[in-house]
Amino acid sequence: LADGRTLAWAEYGVPDGSTVLFFHGGNDSRLAGRLLADAATQARVRLICPDRHGYGASTFADGRTFLDWATDVSRLADDLGITGDRVVGHSGGGPHALACAHSNPGRAHSVATVSSPAPPAAPNRGLHPAFRVMNLLFQSPALYRPMATNQLKQMATSPQRWLSVWGRMQPADGELFDRQPEVAAEIIAEMNEGARQGVPGIVHEASLYHADWGFHLRDVSTTAQIWHGRRDRQAALGWSEFLAEELPHATLLIDEKGGHFSTLINNAAQILTGTAPDS
């Protein structure tokens, strides 16, 4: 980038397909695109997956905002010759996708969020008690840092234990991991890559979710799909309902059997292409 920072990205799918920019979740990395690679190829999508600040191989930028991310993504799109695209954000990537749609409506012709946070005014009913505590800690970097550090250590040293705990808190994802252990392995690998630089990027980003986002949802003019899994216990259904109500051109899509990761993976083709869910 112009100021000397590095912005890393990975590419999947087909090089001559319609472009989708995919933004990973809050403990993930550009390698999360592997979870969508087959769907991208089948749907003839060129899938561009950048690491956010402080994740994977992208330089940490203290004090950065959602709108700062939109500026960096615009530079990446220019370098790749992208003139129009679909923007998709999973979990913590959701606010970043909406920031891009707000800042560059001419370029982001459509946007989708999956299991996304919402601004502080949104209700958080339905969260697992552990995630309710975690969301409170997000607001204080000093308090969240030790928890984040412990989580990263557990993923690196005891991945099966981490998967087991996650599966108990997120049964829909646990069922997916049992059916497709290769998916669980990919998630561990991409999360470990996201934590390559430690916790600074993760901790700073977590503090952004529950503060002023720097833009108003009602000013996002792009057509939006808001995806959510009914069985997701990490992201509250009330958050996605709030996004769908506040965004002027949004459709709320509920996967009745979906969890946090399984909603993304089981609906990958529809999410990437902007089509309606299978009946």
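To start, this report covers the structure provided alongside it. This is a predicted model, so every value here is computed, not measured.

Among the nonpolar cores identified, the biggest contains 66 residues, and Phe23, Leu98, Tyr144, Phe215, Leu217, Leu243 and Leu247 are the most heavily contacted of them. Leave out the neighbours within four places in its chain, and Phe215 touches Phe66, Leu67, Pro95, Leu98, Ala99, His102 and Val220. Of all hydrophobic cores here, the second largest spans 22 residues; its members include Phe22, Ala39, Ala40 and Leu264.

For the rest of this paragraph, the subject is the layout of surface pockets. Space inside the largest pocket adds up to approximately 620 Å³. Around the largest pocket, the lining comprises 34 residues; the ones closest to its centre are Phe131, Met134, Gln151, Trp166 and Gln234. Looking at the lining of the largest pocket, the elements with two or more residues in it are helix H4 (129-138), helix H5 (141-157), helix H6 (159-169) and helix H9 (200-209). Sort the elements by how many residues they give to the lining of the largest pocket and H5 lands first, with six residues. Each residue belonging to the lining of the largest pocket can be placed in one class, and the counts come to 19 nonpolar, 14 polar and one charged. Roughly 280 Å³ of volume is contained in the second largest pocket.

The rules behind the values
Residues numbered from 1 in each chain as written. Predicted model: local features only at pLDDT ≥ 70, side-chain atom pairs only at ≥ 80, totals over all residues. Heavy atoms only, no water. Core = buried A, V, L, I, M, F, W, Y, C linked by side-chain atoms within 4.5 Å. Buried < 20%, exposed > 50% of the residue type's maximum accessible area, 1.4 Å probe, protein only. Contact = heavy atoms within 4.5 Å. 1 Å grid on protein atoms, 1.4 Å probe; cavity = no way out; pocket = protein on both sides within 12 Å on 5 of 7 lines; lining within 4 Å. Points joined across faces, edges and corners; volume = space filled by probe spheres on them. Helix = DSSP H or I, 4+ residues; strand = E, 2+ residues; numbered from the N terminus. Nonpolar A, V, L, I, M, F, W, Y, C, P; charged D, E, K, R; others polar.

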